[in-house]
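# Examining the three-dimensional arrangement
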Amino acid sequence: MARLLLKLSGEALGGEAGYGLSSEVLARMSLDIGRLVDSGAEVALVLGGGNLFRGQALAQAGMDRVVGDRMGMLATVMNGLAMGDFLTQAGVPNQLYSSVGIAGVARGYHRDSALEDMVDGKVVILSGGTGNPFFTTDTAACLRGVELGVDAVLKATNVDGVYDADPKQNPNARKFKAITYDQVLALGLGVMDLTAIVLCKENSMPLVVFDMNQADALVDLAQGRDVGTQIVSEV
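Notes on the structure in this doc start here. Just so we're clear, the structure is a prediction, and the values are computed from it rather than from any experiment.

Attention shifts here to the nonpolar core. Grouped together as the largest cluster of nonpolar side chains are 34 residues, with contacts concentrated most on L6, L8 and M83. For this core, the element with the highest residue contribution is helix 2 (residues 23-38), accounting for six residues. In this view, M83 contacts L8, L13, L26, M29, S30, L45, L47 and I125; residues no more than four positions away in its chain are not counted. Core analysis: the next-biggest nonpolar cluster, separate from the first, contains 31 residues, A114, L148, V153 and Y181 among them.

Below, the structure is given as structure tokens:
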């Protein structure tokens, strides 16, 4: 895999607490991403914002959904700034983009500019979701992956793949080495939201779900080793 897009949830950046920003997680992920770049891969990164803001509770209390989603987009920009700083400290060149440019903070996303940066060896951090309300950062990751022509979208989680049940609740849960988009949809597996899965299916974009805490997982994936669960058109 020569060109990859990594999707990290906001909760993952919060570490064990699941909220705020964990310096330990940011430092570790920066080193892992640096090793991935050193291996020759071109890397894009999409971050969620749930560690800083989740609009669901406020929406239930009456907040306009569009306003809440805009606040969530800003949260992803904050995460992008933090990740970019830790990457810089680790000696990894990077460029932060936002779906809606913020002067002095983040460049407005432009596919061709992002591609040029990736070819030049920079990690491209893509914040601001899709720039539209009602779309998750999972959908943003798949959309940008298709736009940038990546070989796969990698979703980092706290489990080592996709199971037919929650492995933390069911010790007999079965892990899939590979599974199709149709199976994910038919079984109602909560890998990504429906829009993201359908977008990948329609564009034959492979997804890989893996454990972000597994040592050298990113480099192993780039080199074609068996890590996590692959979601593809046909098994």
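Next, the rest of the story.
A few words now on the sheet that holds strand 4 (residues 107-108). With mixed pairing, nine strands are arranged side by side in an open sheet as 4-3-5-2-1-6-10-11-9. Strands with a single pairing partner mark the edges of an open sheet, and in this sheet they are strand 4 and strand 9 (178-180). Sheet contacts for helix 6 (residues 137-148): strand 1 (3-8), strand 2 (42-47), strand 5 (123-127), strand 6 (152-157) and strand 10 (207-211); angle to strand 1, the most-contacted strand, approximately 170 degrees.

Attention shifts here to the packing of helix 6 against helix 8 (residues 194-202). Orientation of helix 6 relative to helix 8, taken along the N-to-C sense of each, is 15 degrees, at an axis distance of 8 Å. Between helix 6 and helix 8, the crossing angle belongs to the class labelled roughly parallel. Viewed along their axes, helix 6 and helix 8 form a crossing whose handedness is left-handed. In this structure, helix 6 uses D138, T139, C142 and L143 to contact helix 8, whose residues at the interface are T195, A196, L199 and C200. Its residues placed into classes, the contact of helix 6 with helix 8 shows five nonpolar, two polar and one charged.

What counts as what
Residues numbered from 1 in each chain as written. Predicted model: local features only at pLDDT ≥ 70, side-chain atom pairs only at ≥ 80, totals over all residues. Heavy atoms only, no water. Core = buried A, V, L, I, M, F, W, Y, C linked by side-chain atoms within 4.5 Å. Buried < 20%, exposed > 50% of the residue type's maximum accessible area, 1.4 Å probe, protein only. Helix = DSSP H or I, 4+ residues; strand = E, 2+ residues; numbered from the N terminus. Contact = heavy atoms within 4.5 Å. Pairing = 2+ DSSP bridges. Axes fitted to C-alpha atoms, helices over the stretch in contact; angles between N-to-C directions. Parallel < 35°, antiparallel > 145°, perpendicular 65-115°, else oblique. Left-handed = near helix turned anticlockwise from the far one by under 90°. Nonpolar A, V, L, I, M, F, W, Y, C, P; charged D, E, K, R; others polar.

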